[in-house]
Every structure is written in structure tokens, then in C-alpha cells.
Amino acid sequence: MKPSLQSKLEQLAFRLEEIDGLLADERATADLSQYRKLNQEHAEITPVVAHYHAWQQVQADLATAEGLLADPDMKEFAQEEVESAKQRILELDRQLQLLLLPTDPNDLRNLFLEIRAGTGGNESALFAGDLLRMYSRYAERQHWKVEIVSESAGEVGGYKEVICRVEGQGAYSRLKFESGGHRVQRVPTTETQGRIHTSACTVAVMPEAEEAGEIDINPADLRIDTFRASGAGGQHINKTDSAVRITHLPSGLVVECQDDRSQHRNKAQALAVLAARLKDQQDRAAHAHEASTRKSLIGTGDRSDRIRTYNFPQGRVTDHRINLTLYKLGLVMEGDIDELIAALTAEHQAELLAALSGEE
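Below, the structure is looked at part by part.

Observations concerning the pattern of salt bridges
Argument step 1. As enumerated under the stated definition, the model contains 24 salt bridges in all.
Argument step 2. A salt bridge links Glu41 to Arg15, with the shortest nitrogen-to-oxygen separation between them at 2.9 Å. One end of the pair, Glu41, is in helix 2 (residues 32–67); the other, Arg15, is in helix 1 (residues 3–24), with 26 residues separating them in the sequence.
Argument step 3. The class of Glu41 is partly exposed, set by a relative accessible area of 24%.
Argument step 4. In this structure, Arg186 and Glu123 form a salt bridge, with 2.4 Å as the shortest nitrogen-oxygen distance. Remark: Glu123 occurs in helix 4 (residues 121–141) and Arg186 occurs in strand 4 (residues 180–186); sequence separation between them is 63 residues.
Argument step 5. We classify Arg186 as buried; its relative accessible area is 12%.
Argument step 6. Judged by its relative accessible area of 9%, Glu123 falls in the buried class.

So this is what it looks like as C-alpha cells:
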């Protein structure tokens, strides 16, 4: 193990002892926000330190076994122990490197998922509906909660645009690589001559801005308009000016929410989406330099990039970033996207490991 890695592990072991002492203090719960942060940090550090202690123990076992090699009666046994310890150390080294990879501070957050129809007219709107169903089915498998915040229905079904909030453990960490352009190739139901059409949608996955002061939004920078909600929702929702449109003047971002009967709740939802969009802009700017120096799956977050193609006639889905093609499109559209997510995560970890090795 490189000295720099061992130094990091020593620091983490010391920090874990420090956190244990802070959490054991009878005044620990006086500041609940700080208490939650300490518990979260404790949960993140504990497996790393446990692996490090295991590594130290195997190193000690290796030294003991090597000391027995000089004893003729113990040499054969000692050689087996030495080989076993060396293999175990290699495995623990690999695991520790993965555990020491820089973590995305947004990974544990809930998220806002935006799906917008692009080229392809009605077929694109229908595909936007298919994508929302795919992600919703995946969320069900993870026992996450999905709540539609804003929607604009397509003329023949699906959505021109739909925004939903996804709440659940590790939601952003699992879906963060879904941002970008999604292309579909299939024969639309309205196509009489059986020709394959190509349509596209854009997907944006944005971590929720959790802390009140994390994104500073000056009320003077906002123009807030209220209007009567349109579309489905019953008589009451259409009788009052419950819908809210918020324009962030410096950035030009506009958010509308009209799915709730309460104007107050619609305003709160719109502000939450606006904060997430502003945070997304900040995060993408921060990643810009990183993306320019090496390939990055989340890079600049350019939503115009085509990241995936869903080809219905051939029953295949291709992720262009990692050149992965799966011939299980039916299952994918039903929310079985674990294989895609695992491959994207592995590629991202490989990038981080390469960067970590280059720094040392």
C-alpha cells in the first residue's frame, strides 16, 4: 500500500474514534442537524476503518508466518500461510482503494427528474411517457417514492414535459448517469406504412437542494405569477388561481407548478425545483474543468448529448458512453435497468481509480 493511502486511512481511523466520542456525549442531540451529520459521517467511515483494521491484522499474520519459514518443521505450513496472507492483502488493497474513492456529496440525496419531449412531435411525447414509466418501475423496485410535481400532457398521450420528485435511499447515486439525450427508434402507432421513426427526449437528474441556505435565492430576483390551473384536476383546482409560475430573472429559468390545489404548496414545489436547477447549473460548472481533462459520465451534464438509443425493432438498448448493448429492451422499459446502472457505475469508478493513482 502506498504511504499516501495509509496516511489517509490512519486519519480516518482517528476521526472515527473522535466521532464515537462526540456521539457518546450526553449533549450530542442538542443540535439535531449536527447530530445527523455526525451519524452520516460515522456510517461512511466505519466500513473503511473496518477494512483497514483487517488489512493491519493480515499484515501482522504475514509477518508471523514469514518468521516461521526458518523452522523446518513449520516451513510448509508457513509457506501456505504466507501465500494466503499475500492474496488477502491484495484483495483488501483493492477494496480499500474503492472505499477511498472521492464520494459525490449528492449521492445520498433525493432528486428531481425532468423528462422533456424533443424531436419527433407526438411520438417524442409518447416516449417521454415511456421513460417516466421505466424510471417509476425502477423506483418501485428500490422502494422509492415518486411524486409528479409538474406535467404538460402530450396531444395524443405521454408528456411534452414532466417533472417528478424521487425520494429514497441513494436515489441520486443510482440515477445520476441518466442525464442526457435518449433516442428511440420504432414504428409509431400512427405510421401506416410501417416505417421506423427516430425521436428523442432529454432527461435531467438533479439532486434536491436539501439545506435552506445551500442555494441562496434572493426574493428580489424572482417574479412570481399565479394563474388558474388547466387540464385535469377536478372542478376545485380550476376555480382558483392555485397554479404558480416562478421566473428567476438573473438566469431566466422558469418553473411552473399546478398539480396541487394549494397555491402555497405549488409555490413551495416550484421553489424546490428552481433551487435544484440552480444547484445543477453550479455543479455542472464545477465539473467543467474535470470533464475537459478526462472522460466523465456526468462531465458537463450537457443534455444535448445522445447517451442512449432504444431500438424497438431489434429489441436492443445501447448506451453510447460505454459501448454497451443489451438485447433486453422489453425488460429495460419495465424498469430493469440495474445492468445499465452497474456498468455505468463501474466505468465511473475506473475513472476515479485512474485519477487517484495519478495523484499519488
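More follows now that the structure is in view.
Points about the sheet that holds strand 8 (residues 253–257)
Argument step 1. The sheet built from three strands is open, its strands ordered 6-7-8 with antiparallel pairing. At either margin of the open sheet sits one strand with a lone partner, and together these are strand 6 (222–227) and strand 8. Neighbouring strand axes in the sheet, compared pairwise and without regard to direction, differ in orientation by 15 degrees on average.
Argument step 2. Across six bridges, the pairing between strand 6 and strand 7 (residues 243–248) is antiparallel. Its bridge partner being in strand 7, Ile224 is matched across the sheet by Ile246.

Cut-offs used in this document
- Residues numbered from 1 in each chain as written.
- Predicted model: local features only at pLDDT ≥ 70, side-chain atom pairs only at ≥ 80, totals over all residues.
- Heavy atoms only, no water.
- Salt bridge = Lys/Arg side-chain N within 4 Å of Asp/Glu carboxyl O.
- Helix = DSSP H or I, 4+ residues; strand = E, 2+ residues; numbered from the N terminus.
- Buried < 20%, exposed > 50% of the residue type's maximum accessible area, 1.4 Å probe, protein only.
- Pairing = 2+ DSSP bridges.
- Axes fitted to C-alpha atoms, helices over the stretch in contact; angles between N-to-C directions.

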